[in-house]
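In case you want the letters, here they are:
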Amino acid sequence: MPRFPALRVRAAATALALLLLPLGCASTKLADVWKAPDPGTPPRKVLVVAVVPSQTTRRMMEGELAERLQQHGLKAVPINSLTPEGPPPDRAKVEELVRRDGFDAVVVSRYAGAEDTVEYVPGGPVGNPAAMGFYGYYGALYPTVYTPGAVIQNETVHVETMLYRAQGKGELVWSTNSKTFNPSSPYKAIEDISGAVVSRMAKDKVI
């Protein structure tokens, strides 16, 4: 998908400045977590659907979510294993699969875009050059102890994840919006999102 890959640090500085900048690692936080007042009995068989532009990323996301759910004792099936290659099936096809294979819940993850932020890290002195006296400081250390500033561009990936009952009108049981900061790759983002989302589902006792 076009914006899922990580955004790497782009520094407008020397190699020394880059070495001195702390490198961040990907992390996922959940926001706007919602749980139905009466979530009902936790499901046993779950259909996993990812709605993302890329077929490859869709398979990765459905597979990772299904695997995480299976670790909690559910029978979780990625929808891409039941349908031919192509975009996610329409509503009628999903309803048919739910009835045919006896799913009692559906997990849907939707890529909701990404946003960029730019951060400027100012340069500054390294060590304590003043202690060396004016001439030693100015003549010998000035070229080396000051680091230039750097521009760091960050990316935050947004994904919505919902858990629905499969029966009746398909009521919403649980939902959240995840924010993944500076993932190093699409798979790393998917891994972090799936882990955070399924762990919170288990904590909230909806699975």
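From a predicted model like this one, the values you see are computed outputs, not experimental measurements.

About the thresholds
Residues numbered from 1 in each chain as written. Predicted model: local features only at pLDDT ≥ 70, side-chain atom pairs only at ≥ 80, totals over all residues. Heavy atoms only, no water. Helix = DSSP H or I, 4+ residues; strand = E, 2+ residues; numbered from the N terminus. Buried < 20%, exposed > 50% of the residue type's maximum accessible area, 1.4 Å probe, protein only. Contact = heavy atoms within 4.5 Å. Areas by Shrake-Rupley, 256 points an atom, 1.4 Å probe, with all protein chains shown as cover. Salt bridge = Lys/Arg side-chain N within 4 Å of Asp/Glu carboxyl O. Arc of directions from axis to C-beta. Expected span 1.5 Å × (residues − 1). Polar contact = N/O pair within 3.5 Å; in protein donor to acceptor, adjacent residues only side chain to side chain. Axes fitted to C-alpha atoms, helices over the stretch in contact; angles between N-to-C directions. Left-handed = near helix turned anticlockwise from the far one by under 90°. Nonpolar A, V, L, I, M, F, W, Y, C, P; charged D, E, K, R; others polar. Core = buried A, V, L, I, M, F, W, Y, C linked by side-chain atoms within 4.5 Å. Patch = residues over 30% accessible without salt bridge, like charges linked within 9 Å, V, L, I, M, F, W, Y side chains within 5 Å.

Draft legend 1. Structural context of the overall build of the protein chain. When its secondary structure is counted, the protein chain shows five helices and six strands. If you list the helices and strands of the protein chain from N to C, you get α-β-β-α-β-α-β-α-β-β-α. Put simply, the protein chain has 207 residues, and 41% of those count as buried. Restricting to contacts in the protein chain with at least 6 residues of sequence separation, those with at least 24 account for 78%. Accessible area for the protein chain stands at about 11400 Å²; split by element, carbon and sulfur atoms hold 56% of it.

Draft legend 2. Examining the pattern of salt bridges more closely. If you walk through the whole model with that rule in mind, you get ten salt bridges. The salt bridge partner of Glu96 is Lys93, with a shortest N-O separation of 3.5 Å. One end of the pair is Glu96 and the other is Lys93, both in helix α3 (residues 91-101) and three residues apart, which spans about a single turn. In this structure Glu96 comes out as partly exposed when scored by relative accessible area, which is 35%. Of the residues examined, Lys93 reaches a relative accessible area of 27% and is grouped as partly exposed. One network of salt bridges, with partners in common, ties together Lys188, Glu191 and Asp192.

Draft legend 3. Broad picture of α3. The complete set of buried residues in α3 reads Val94, Leu97 and Val98. Seen along its axis, α3 keeps its buried residues to an arc of 100 degrees; they face one direction. Of the exposed residues in α3, the ones pointing more than 90 degrees away from its buried face are Ala92 and Arg99. Looking one or two residues beyond α3, the residue adopting positive phi is Gly102, at roughly 70 degrees.

Draft legend 4. Molecular detail of helix α2 (residues 55-70). Between its terminal C-alpha atoms α2 stretches 22 Å, which fits the 22 Å expected from 16 residues at 1.5 Å a residue. Burial in α2 covers these residues: Thr57, Arg58, Met61, Glu62, Glu64, Leu65, Ala66 and Leu69. Capping of α2 at its N-terminal end is provided by Ser54; its side-chain oxygen lies 3.3 Å from the backbone amide nitrogen of Thr56.

Draft legend 5. Up close: the packing of α2 against helix α5 (residues 186-203). One can describe the packing of α2 onto α5 by two numbers: an axis separation of 9 Å at closest approach and a directional angle of 35 degrees. Here the hand of the crossing between α2 and α5 comes out right-handed. Where α2 approaches α5, its residues Thr57, Met60, Met61, Glu64, Leu65, Arg68 and Leu69 are matched on the opposing element by Pro186, Tyr187, Ile190, Glu191, Ile193, Ser194, Gly195, Val198 and Met201. Grouping the constituent residues of the contact of α2 with α5 by class yields ten nonpolar, three polar and three charged.

Draft legend 6. Expanded view of the nonpolar core. Among the nonpolar cores identified, the biggest contains 25 residues, and Met61, Leu69, Leu163, Met201 and Ile207 are the most heavily contacted of them. Counting residues per element, the ones that place at least two in this core are β2 (45-51), α2, β4 (105-121), β5 (150-165), β6 (172-181) and α5. The element contributing the most residues to this core is α5, with five residues. Grouped together as the second largest cluster of nonpolar side chains are twelve residues, Val49, Val94, Met162 and Ala166 included.

Draft legend 7. The arrangement of the side chain of Thr156 in detail. Here Thr156 is to be found in strand β5. You can call Thr156 buried: its relative accessible area is 14%. Discounting residues that sit within four places of it in the chain, Thr156 has contacts with Gly113, Ala114, Glu115, Lys179, Thr180 and Phe181.

Draft legend 8. Quick peek at a nonpolar patch on the surface. Among the surface-exposed residues, Val118, Tyr120 and Val151 lie close enough to one another that they form a single nonpolar patch of about 300 Å² accessible area. Tracing the sequence through the fold places Val118 in strand β4.

Draft legend 9. Local environment of the environment of Pro37. Checked against the element boundaries, Pro37 lands in the loop between β1 (27-35) and β2. Spatially, the C-alpha atoms of Pro37 and Trp174 are 9.8 Å apart, while their sequence positions differ by 137 residues.

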